[in-house]
Amino acid sequence: MSDCLFCKIAAGDIPSKKVYEDEQVYAFYDIDPQAPTHFLVIPKVHITSCGEITAVNSAVVAHCFEVISRVARELGMESFRVVSNCGAQAGQTVGHLHFHVLSGRDMTWPPG
Ligand code: 5GP
Ligand code: ZN
């Protein structure tokens, strides 16, 4: 999608601090970290949010979680939280599916 911030980041048109990349997935550190380690995992294909996942595009979502597991292992993260905000009321500010991966501090439940 031409006017999507995360499509531009995945394409390398907007710089970011890369954590991991393959043909399907891009992972990069959040510009405004909410934990000592905070990165985002996104599919390169434009999917607006968790609300747009279907049988047609869900394989890349499964792959996102493989990447989360792999990167967490590589970074030595024993405990971490994965969050995906879906829709404005839930706190989504960028309309391209992304999984926040947060680690390195105590976390509370329920989330705010
Ligand atoms: P959301 O609010 O949609 O759940 O998450 C969007 C996240 O993207 C936020 O945590 C925000 O800090 C991050 N973000 C927004 N713009 C940029 C950017 O240009 N670069 C990076 N690395 N992160 C961004
Ligand atoms: Zn996009």
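The structure this text deals with has already been given above.
These notes cover the structure that comes with them. Remember, it's a predicted structure, so these values are computed and weren't measured experimentally. (Residues numbered from 1 in each chain as written. Chains lettered and ligands numbered in written order. Predicted model: local features only at pLDDT ≥ 70, side-chain atom pairs only at ≥ 80, totals over all residues. Heavy atoms only, no water.)

A few points about helix α2 (residues 58–74)
Quick note on the threshold: Segments assigned H or I by DSSP are reported as helices when at least four residues long, segments assigned E as strands when at least two residues long, and all are numbered from the N terminus. Take the residue count of a helix, subtract one, and multiply by 1.5 Å to get its expected span.
In a regular helix each residue adds 1.5 Å, so 17 residues correspond to 24 Å; α2 covers 25 Å between its end C-alpha atoms and thus fits that length. Among the residues trailing α2, Gly76 stands out with phi positive, at a value near 75°.

Regarding unusual backbone geometry
Omega for the peptide link from Trp109 to Pro110 comes to 5°, which places this bond in the cis form. Following the sequence through the fold, Pro110 ends up in the segment after β5 (99–103).

Comments concerning the site of ligand 1
The condition is simple: Definition of nearness: a residue and a molecule or strand are near each other if at least one heavy atom of the residue lies within 4 Å of the molecule or strand. Throughout this description, a polar contact denotes any pair of N or O atoms lying within 3.5 Å of each other; where both atoms belong to protein, one of them has to be capable of donating a hydrogen while the other can accept it, and for residues adjacent in sequence the pair is counted only when both atoms sit in side chains. Note on areas: Shrake-Rupley, 1.4 Å probe, and residue coverage restricted to the protein chains presented here. Think of it as three bins: nonpolar holds Ala, Val, Leu, Ile, Met, Phe, Trp, Tyr, Cys and Pro, charged holds Asp, Glu, Lys and Arg, and polar takes everything else, Gly as well.
Not every one of the 16 residues close to ligand 1 is listed here, only the nearest: Asp30, Asn85, Thr93, His98 and His100. Within the backbone of Tyr29, one N or O atom sits 2.9 Å away from a nitrogen atom of ligand 1. At a separation of 2.9 Å, an oxygen atom of ligand 1 approaches a polar side-chain atom of His98. Within the complex, the protein chains bury 83% of what would otherwise be the 520 Å² of accessible surface of ligand 1. At the level of secondary structure, the elements contributing two or more residues to the shell around ligand 1 comprise α1 (5–11) and β2 (25–29). For the shell around ligand 1, the element with the highest residue contribution is α1, accounting for three residues. Partitioning the shell around ligand 1 into residue classes produces eight nonpolar, six polar and two charged.

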